[in-house]
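Residues per chain, in single letters:
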Amino acid sequence: MPGVEARPGESAQWAKRGSREDLAEVEAGLDSLDSVPVRRAPLWGRLRRKVLPPLFATVLALASWQLAVSSGVAPPDKLPSPASVADSFRHLWLQGSLFDIIWTSVRRGLLGFLVAVAIGTPLGLIVARVALVRAALGPLLSGLQSLPSVAWVPAAVLWLGLTSSAMYAVILLGAVPSIANGLAAGIRHVPPLHLQVGRSIGATGWRSAWHVLMPAALPGYLSGLKQGWAFSWRSLMAAELIASSPDLGVGLGRYLENSRESIDLPGVFLGIALILLVGVAIDLLVFCPLERRVLRSRGLLTGG
């Protein structure tokens, strides 16, 4: 009230109360930022956004393909019709060898990729954290990553013979550099403050790497894993195209080469389509859900 002087104790009390109220408002604001609700889109909305566009693109590509064949733009001995490729698919299905061919390649690719992850992950950590190792191996890993995987096939066959070991060697030489470089790049983008906070709570050495660096570098590491899988799959297809032996069985790459040798153009296109289908399926079923989960955990993805 005017004319009424506040006592010193009352002024301090009011100031303290005001500061507490301001602090409470700030904390409430931060809590509201942290607790942004994740609203999943309706099922039909997710299907319309994620399924219909690639389905429409596939139908459009098939229609353009059939139009090119029907109009005579591409002769039949250069471009088979979709129906003839479907006949080759039906023949493999009735023969009972379709899943054996696919599984032979998928099994090799996944096993080689898992071994590459087991080797590339600690290698990437060491390269990122040890300056001497980074100076020695960093350029080598970048060079190996840019080297075409097919270049390793002749050397691997000479080293290990026409065996599955040669194919796994080609996969490792193609995938390990990508995984290691992806993790090293992700670690280089981790703010130093994260490491300081980790040391303050006792996270040093490998505990710091596991509990601080790996979670913070997860987006870059996941990108390296995706690229590593792509290199694994391409490396395996290159090895299967070149290396031929009854002991190796028939994978997708060998089926593609066998179709070429027998001048079976529909079989060649079927082999290409199956290789593409497996690559897309692994990306959609494994890496895309992982990527969405990582982005959602960091508040970077709020939709379904």
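Residues numbered from 1 in each chain as written. Predicted model: local features only at pLDDT ≥ 70, side-chain atom pairs only at ≥ 80, totals over all residues. Heavy atoms only, no water.

**Things to note about helix 12 (residues 252-261)**
Thinking step 1. Of all 10 residues making up helix 12, seven are buried, and the element is well covered by its neighbours.
Thinking step 2. Along helix 12, the residues classified as buried are Leu252, Gly253, Arg254, Tyr255, Leu256, Glu257 and Ser259.
Thinking step 3. Buried residues along helix 12 sit against helix 4 (82-95), helix 5 (98-129), helix 11 (218-242) and helix 13 (265-297).
Thinking step 4. Downstream of helix 12 by a residue or two, Ile263 has a phi angle that is positive, lying close to 55°. (Buried < 20%, exposed > 50% of the residue type's maximum accessible area, 1.4 Å probe, protein only. Helix = DSSP H or I, 4+ residues; strand = E, 2+ residues; numbered from the N terminus. Contact = heavy atoms within 4.5 Å.)

**Focus: the confidence of the model for the chain**
Thinking step 1. Model confidence for the chain is summarised by a mean pLDDT of 79, while 74% of its residues fall at 70 or above.
Thinking step 2. Confidence over residues 1-6 falls short of pLDDT 50; this stretch has one contact with residues more than four positions distant or in other chains.
Thinking step 3. Predicted confidence is poor over residues 29-36, with pLDDT under 50, and the contacts of this stretch with residues over four places away or in other chains come to zero contacts. (pLDDT = per-residue confidence, 0-100.)

**Quick look at the pattern of salt bridges**
Thinking step 1. As enumerated under the stated definition, the model contains five salt bridges in all.
Thinking step 2. A salt bridge links Asp87 to Arg90; its shortest N-O distance comes to 2.5 Å. In this pair, Asp87 and Arg90 both sit in helix 4, three residues apart, roughly one turn of the helix.
Thinking step 3. Judged by relative accessible area, Asp87 falls into the partly exposed class, the value being 41%.
Thinking step 4. Here Arg90 falls in the partly exposed class, since its relative accessible area comes to 44%.
Thinking step 5. Note that Glu240 is salt-bridged to Arg108, the shortest N-O span being 3.1 Å. Residue Glu240 is found in helix 11, and its partner Arg108 is found in helix 5; the two are separated by 132 residues along the sequence. Each member of the pair, Glu240 as well as Arg108, carries the same accessibility label: buried. (Salt bridge = Lys/Arg side-chain N within 4 Å of Asp/Glu carboxyl O.)

**Here we look at helix 8 (residues 164-188)**
Count 3.6 residues to each turn of an α-helix, and residues three or four apart come out pointing the same way.
Thinking step 1. Relative to the 36 Å expected for 25 residues at 1.5 Å per residue, helix 8 spans 36 Å between its end C-alpha atoms, a close match to the ideal helical length.
Thinking step 2. Among the 25 residues in helix 8, 19 count as buried, and that is most of the element. (Expected span 1.5 Å × (residues − 1).)

**Details of the packing of helix 5 against helix 6 (residues 131-146)**
Helix-helix packing: each pair is described by the crossing angle between the helix axes and the interaxial distance.
Thinking step 1. Running from N to C, helix 5 and helix 6 point in directions that differ by 120°, and their axes come no closer than 6 Å. The angle between helix 5 and helix 6 falls in the class oblique. In contact with Leu123, Ile126, Val127, Ala128 and Arg129 of helix 5, helix 6 contributes Ala131, Val133, Arg134, Leu137 and Leu141.
Thinking step 2. Looking at side-chain class alone, the contact of helix 5 with helix 6 contains eight nonpolar, no polar and two charged residues. (Axes fitted to C-alpha atoms, helices over the stretch in contact; angles between N-to-C directions. Parallel < 35°, antiparallel > 145°, perpendicular 65-115°, else oblique. Nonpolar A, V, L, I, M, F, W, Y, C, P; charged D, E, K, R; others polar.)

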